[in-house]
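# Reading the structure
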Amino acid sequence: MRPTGIIPFFRRFLNGPVAPLALFCLIISCGQGPGAGDMQAKAPEGMQWVEGAEFMQGARPDDPMAMASEKPAHLVRVDGFYIDRTEVTNARFRAFVKETGYITTAEKPVDWEAMKKTLPPGTPKPPDSVLQPGSMVFTLSKEPVSDMGDISQWWRWQVGANWKHPQGPDSSIEGKDHYPVVHISYEDALAYCAWAGRRLPTEAEWELAARGTSPEGRYTWGDDPALLPQKANTWQGIFPVRDEGQDGFNGLAPVASYPENARGLYDMAGNVWEWTQDTFHPAYYTLAARKVVSVNPGGAEAPFNPLQPEKVIKGGSFLCNASYCAGFRISARMGMTHDSSTDHVGFRTVADANKIK
C-alpha cells in the first residue's frame, strides 16, 4: 500500500477536480498516587509529565475559525501521561533507522493493485513514471489562487521525496538534526513508537497537553491571536503565493525555536502537524457530546471513509494561515490517511506512567 496522498496528483490526469474535503482527505487510565512533582522527577529524558484532568475538549462557542468537526465541545477525563517536549527530530528518527533498518512508506515501491482498491471502480492506472517511491511536497503557487479547494495548485507528488530527502532526491537533511522529521506515515510513526517503547497520543491527551494552564484559551499560550508570530511557526502573507516569514522562518523550523507552553512543551502549534492514534470522523464530537463525560476517549469507532481510513492530526504546520488553515488553534483537527506522508506532518510520542521504570 502506498500514500493516498499521491491520488490528487493522479487525478490531474484521470478524473479532474474532486470535492475539496475529499481531496484534502485523500492527501492527506483513580486512587491516591504520587504527586505531579514526583512524576516529573521520574520523567524520561526529553519528556514532560502531564497531570490527568477533566476538561472541555473541542472548540469554544465563540471561536469564529472553528470547523464543524471541532464542535460541540464536550467533557472528557484523561489520566496522566508523559509526552515528548518536542516533535521527534531527524536525529532521533535516524537512530531508529540505523538500529532497525526500517524503511519508511515513502521509500517503498507503489503497489498499484492495493491502491486501486481505494479508488473509484474503473480508475485507469497512472503512468509507471509516477508510480515510484515518493511523497507529497508543498510548492509555492506562481499565481494568486481563487479556488482554495483545489489543493493541487500547491501540492505535488515528488518522486524520491522522503524523510532523508524532504524536497526530493537532490535535497538533504544534513545539518538539520534538530528539525522535526517529516514524510512520516502513520505506520512509520507506529514503528518508531514500538522501537522507543512509546505510543502516539490520543487526541484528548494531545489537546490537554497543548492547553497548558489556560483551559479556556484557543491557543497554547492563551487567547491572544496577535502573539502568533512570536509563539509559532506558521504562514504570514498570502497563502500559498508568498510567506513573509515574520515569525523568523520560511518553511520548517528547528524544534524548540519558539517559547514553550505552560507545561514546558514546544511546537504544540505550527511547524508540523502531528499524528495521534485516534480514528477521524467529522461527526465524532457530536456523538461524544451525548455522554456525561468521556473517559480516556480514543476517537471514532469507525472511519468516515472505510476505503481510506484516517487518523486525527493536530497542531497545524508552517503552512497554516487564517485565510486557509487555522490549524494552530488547540481544537483544530484534520484527518489524514494511514499511508499518506507530506513535508509538513511529523509526530511526538507519549508514555503511560506504569510503563516507565
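The following paragraphs examine the structure supplied in this document. (Residues numbered from 1 in each chain as written. Predicted model: local features only at pLDDT ≥ 70, side-chain atom pairs only at ≥ 80, totals over all residues. Heavy atoms only, no water.)

### Examining the environment of A189
Within the secondary structure, A189 is located in helix α6 (residues 186-196). Residues A189 and T349, spaced 160 residues apart in sequence, show a C-alpha to C-alpha distance of 8.8 Å. Setting aside chain neighbours within four positions, we find A189 in contact with I184, L200, W275 and F347. (Helix = DSSP H or I, 4+ residues; strand = E, 2+ residues; numbered from the N terminus. Contact = heavy atoms within 4.5 Å.)

### A word on the sheet that holds strand β13 (residues 345-346)
The strands making up a sheet associate through backbone hydrogen bonding, with each pair oriented either parallel or antiparallel. Read across the sheet, four strands follow the order β12-β11-β9-β13 without closing on themselves; strand pairing throughout is mixed. Taken across any chain shown, the strands that pair with only one partner, and hence form the sheet edges, are β12 (334-337) and β13. Summarising the sheet, strand β9 (residues 273-279) and β13 pair through two bridges and their orientation is parallel. Within β13, the position partnered with E274 by the bridge is G346. (Pairing = 2+ DSSP bridges.)

### Looking at the pattern of salt bridges
By the definition in use, this model includes 18 salt bridges. For E54, the salt bridge identified is with R77, shortest N-O distance 2.8 Å. Of this pair, E54 sits in strand β2 (residues 53-57) while R77 is found in strand β3 (residues 74-78), placing the two residues 23 residues apart along the sequence. With a relative accessible area of 44%, E54 lands in the partly exposed category. Residue R77 is classed as partly exposed on the basis of its relative accessible area, which comes to 29%. What emerges from the salt-bridge pattern is a single network uniting E203, E207, R211, K314 and R333. (Salt bridge = Lys/Arg side-chain N within 4 Å of Asp/Glu carboxyl O. Buried < 20%, exposed > 50% of the residue type's maximum accessible area, 1.4 Å probe, protein only.)

### Section: the packing of aromatic side chains
Enumeration over the complete set of coordinates arrives at 21 aromatic pairs. Considering the side-chain rings of F138 and F239, the 6.0 Å spacing of their centres and the 25 degrees angle between planes classify their relative orientation as stacked. Residue F138 is located in strand β5 (residues 134-138), and its partner F239 is located in the loop between β7 (237-238) and β8 (242-243); the two are separated by 101 residues in the primary sequence. Grouping aromatic residues by their ring pairs yields a cluster made of F93, F96, Y102, W163, Y192, W195 and F347. Here the basic side chain of K176 rests over the ring of Y179, its NZ or CZ set 5.4 Å away from the ring centre. (Phe/Tyr/Trp six-rings, centres within 6.5 Å; stacked < 30°, edge-to-face > 60°. Lys NZ or Arg CZ within 6 Å of the ring centre and 35° of its normal.)

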